[in-house]
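# Tertiary structure, described
The primary structure of each chain is shown beneath.
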Amino acid sequence: MTQDELKDAVAAAAIDEIRPRLERDSVLGIGTGSTANRFIDRLAPLRDDFRGAVASSEASAERLRGHGIEVFELNSVGTVPFYIDGADEVNAHLHLIKGGGGALTREKIVAACAERFICIVDASKRVERLGEFPLPVEVIPMARSYVARELVRLGADPVYREGVVTDNGNQILDCYDFPIDDPLTMEARLNAIVGVVTNGLFAARGADVLLLGTEQGVERTTPA
Ligand code: 5RP
């Protein structure tokens, strides 16, 4: 199967996961990226079975609206029963690296407000140790060089993602050559650097359910 077919399979599995629990007043949290897009497309026929969605990016909001799904501000919703999103890497504890698409801050905020975070990925995203994928860090623009120096002190090789401005008006540093043995500690340490808005480690609030697309079918797991 191709990677795209595996992404399709997990998007379909996520629909099966939430469908029995959808209520007319449900507002769903929806992530960002090519896997999340496939989920959005499969959600469209169910649009009359729930109230709407909160999106983790302008791009996803636009796609949802294009399907006739109402998009709400998170502040007017409070909590969401589900947050469905992809990831760049996932380990056995369902700790994640996210932010390859640059939406990490809003993704983390919506995930924080979710009763259940359902992560949908193809098998290439599963790793023993996080950090092969360069870890994104969103920074306030004036702090970029300072934060980069602090990241070097922590052992990373930060690279400015040139030309990218996040939905929040900020910039991104991608941390290369940065294997992460203790995601919980590193997430907190990175957050403590002045000028960091968010980092792409989702360990303090990882996924609750992983739907992993493999050649043998979709595997459903919960944290080890
Ligand atoms: C965007 C993300 C995405 O979930 C992550 O990059 C995976 O994307 P894709 O589903 O396209 O592989 O974190 O910021």
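This report concerns the structure included in the present document. (Residues numbered from 1 in each chain as written. Predicted model: local features only at pLDDT ≥ 70, side-chain atom pairs only at ≥ 80, totals over all residues. Heavy atoms only, no water.)

### Digging into the site of the ligand
Put simply, the rule reads: The near set for a molecule or strand comprises every residue that places at least one heavy atom within 4 Å of it. Identification of polar contacts relies on pairs of N or O atoms within 3.5 Å, with a donor-acceptor requirement for protein atoms, meaning one able to donate a hydrogen and the other able to accept it, and with residues adjacent in sequence counted only if both atoms are side-chain atoms. For the accessible areas, the method is Shrake-Rupley and the probe is 1.4 Å, while residue cover comes only from the protein chains on display. Polar here means any residue other than Ala, Val, Leu, Ile, Met, Phe, Trp, Tyr, Cys and Pro, which are nonpolar, and Asp, Glu, Lys and Arg, which are charged; Gly is therefore polar.
Around the ligand, 17 residues are found, and the nearest of them are S34, T35, D88, G99 and K125. Contact between the ligand and K7: an oxygen atom at 3.3 Å from a side-chain N or O atom of the residue. Between the ligand and G86 there is a distance of 3.3 Å, counted from an oxygen atom to a backbone nitrogen or oxygen. Considering the ligand on its own, with 380 Å² of exposed area, one finds that the protein chains cover 91% of that surface. Among the residues making up the shell around the ligand, the classes are represented as 2 nonpolar, 9 polar and 6 charged.

### Quick look at the pattern of salt bridges
Selection criterion: When a carboxyl oxygen of Asp or Glu is within 4 Å of a side-chain nitrogen of Lys or Arg, the pair counts as a salt bridge. A helix here means a DSSP run of H or I that spans at least four residues, while a strand means a run of E at least two residues long, and both kinds are numbered starting from the N terminus. We call a residue buried when its accessible area falls under 20% of the maximum for its residue type, exposed when it is over 50%, and partly exposed in between, using a 1.4 Å probe and counting protein chains only.
As enumerated under the stated definition, the model contains 14 salt bridges in all. For R116, the salt bridge is made with E17, and the minimal N-O distance between the two is 3.8 Å. Of the two residues, R116 is situated in strand β6 (residues 114-122) and E17 in helix α1 (residues 3-18); the sequence distance between them amounts to 99 residues. Judged by relative accessible area, R116 falls into the partly exposed class, the value being 28%. Here D174 makes a salt bridge to R161, at a shortest N to O gap of 2.8 Å. One end of the pair, D174, is in strand β9 (residues 171-176); the other, R161, is in the loop between β8 (157-160) and β9, with 13 residues separating them in the sequence. Taken as a pair, D174 and R161 share a single burial class, namely buried. By sharing partners, the salt bridges in this structure join D4, D8 and R38 into a single network.

Geometry only, nothing functional implied.
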